[in-house]
Each structure stands twice: as C-alpha cells, then as structure tokens.
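This is what each chain is made of:
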Amino acid sequence: MSSAALEIAIIRNDDAWPEDLDALAERAVFAALDMSKAQVKGAAELAIVLTNDAEQHELNQQWRGKDSSTNVLSFPQIEPFAPVTGILGDITMARETLEREALEQGTSFPHHFTHLVVHGFLHILGYDHLTDAEAHQMESLETAILASLGIDDPYAEQG
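Conventions adopted
Residues numbered from 1 in each chain as written. Predicted model: local features only at pLDDT ≥ 70, side-chain atom pairs only at ≥ 80, totals over all residues. Heavy atoms only, no water. Pairing = 2+ DSSP bridges. Helix = DSSP H or I, 4+ residues; strand = E, 2+ residues; numbered from the N terminus. Axes fitted to C-alpha atoms, helices over the stretch in contact; angles between N-to-C directions. Patch = residues over 30% accessible without salt bridge, like charges linked within 9 Å, V, L, I, M, F, W, Y side chains within 5 Å. Areas by Shrake-Rupley, 256 points an atom, 1.4 Å probe, with all protein chains shown as cover. Salt bridge = Lys/Arg side-chain N within 4 Å of Asp/Glu carboxyl O. Lys, Arg positive; Asp, Glu negative; His and termini not counted. Charge placed at Lys NZ, Arg CZ, Asp CG, Glu CD. Left-handed = near helix turned anticlockwise from the far one by under 90°. Contact = heavy atoms within 4.5 Å. Nonpolar A, V, L, I, M, F, W, Y, C, P; charged D, E, K, R; others polar. Buried < 20%, exposed > 50% of the residue type's maximum accessible area, 1.4 Å probe, protein only. Arc of directions from axis to C-beta. Polar contact = N/O pair within 3.5 Å; in protein donor to acceptor, adjacent residues only side chain to side chain.

S.K.: Tell me what's going on with the sheet that holds strand E4 (residues 84-94), and back it up with residues and numbers.
M.R.: With respect to topology, 4 strands assemble into an open sheet ordered E1-E2-E4-E3, the strand pairing being mixed. Among the strands making up the open sheet, the edge pair consists of strand E1 (6-12) and strand E3 (72-76). Taking each pair of neighbouring strands and ignoring which way they run, the sheet shows an average axis angle of 15°. By the bridge criterion, 9 bridges tie strand E2 (residues 40-51) to E4 in an arrangement that is parallel.

S.K.: Any details on a negative patch on the surface? Residues and values, ideally.
M.R.: On the surface, Glu7, Glu26, Glu45 and Asp90 cluster together to form a negatively charged patch. Structurally, Glu45 is set in strand E2.

S.K.: Lay out the packing of helix H3 (residues 95-105) against helix H4 (residues 109-125) with the relevant residues and their values.
M.R.: Packed helix pairs are characterised by how far apart their axes lie and by the angle those axes make with each other. In the contact formed by H3 and H4, the axes pass within 9 Å of each other and the chain directions differ by 115°. Taken as a pair, H3 and H4 cross one another with a handedness that is right-handed. Note on element contacts: H4 touches H3 through Phe109, His112, Phe113 and Leu116, opposite Arg95, Leu98, Glu99, Glu101, Ala102 and Gln105. Tallied by class, the residues present in the contact of H3 with H4 amount to 5 nonpolar, 2 polar and 3 charged.

S.K.: I'd like a description of the side chain of Arg95, backed by residues and values.
M.R.: Within the secondary structure, Arg95 sits in helix H3. Once residues within four sequence positions are removed from consideration, Arg95 is found in contact with Asp14, Ala16, Trp17, Thr51, Asn52 and Phe109.

S.K.: Just give me the short version of helix H2 (residues 53-64), but keep the residues and values in it.
M.R.: Three or more residues of H2 are buried, namely Asp53, Gln56, Leu59 and Asn60. Burial along H2 is one-sided: seen end-on, the buried residues are contained in an arc of 120°. Counted as exposed and oriented over 90 degrees from the buried face of H2: Glu58 and Gln62. Structurally, the start of H2 carries an N-cap: the backbone nitrogen of Ala54 is 3.2 Å from a side-chain oxygen of Asn52. Of the residues one or two after H2, Gly65 is the one with positive phi, at around 70°.

And the structure:
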C-alpha cells in the first residue's frame, strides 16, 4: 500500500479557519487509511472542504434533507470498501460547529478537527453508524486511529 498515491486537496471556503490544519488533516487521513487496511490501487484524490455553518447548512439541506448545519459531511465517490483509487470524494466541515463542539466537549479544536477528519474519511471508505453494530465497528476504529495520533477517545464519556 502506498499512501503517496493519495493526494489530499484542502479547500478553504471560509478564511477564518486556522492555517495550521493541513498537516493535521493529512496525518489523520493517512492514519485512517493505514489502520482501516484500505488498499490504495493507484492515483487517488480526496478533497477536504473547510467551510462555515451557512454553507454546511445548505449542503445538509440539499443532500440529507436536514434543515441545520452539521459538523462534518462526507460525499463518497467510491463504492463502500472498494479499492482506494480515483476521485474518492469530498469531506466538508463547518468551522463554527466544530469550535462550539470542541468547547462543549472540553477538547482542543485541533483534536476535535482531527477526530472529524478521521470520521469523515471512514465514511468515504464505506464505514457507517446506522445500526448499533456499524456504530460500534466505526467508533472502535476511530478510537484506535485517534489513539495512534495521541488523541483521547472522544466516545469515552458517552453512555
């Protein structure tokens, strides 16, 4: 598996995002790629769009029928658990929501951002949390990936 074949485009649609997040996003994606055991089968590209609540609200309304913003949305362009090649998809993230959630959860913004990049990328790969079994599988993998990056379990205090 060659992670060098995966290009990550970080697109800023909101200038208020901190500038130092690109390396964190790349580390998160490559750690998720490695620990999920996904196979890169050629040149691949992922876009991470750093946006705001207003744009995220529009996307959430258009694609999920939900009249609110949300922290992260994933738009996979590959079949679930397919080889990683070509245009993988887009991950969009809402800055204000991430800031608010990090504060509410008592975690740092970089740690919360990293968690949601991992979460969004696992959705791109095919993981989901629609059933309890899927949620357990995805959250366990997220927790392991985050631990490898020195980040505490974001689900530890949930009952």
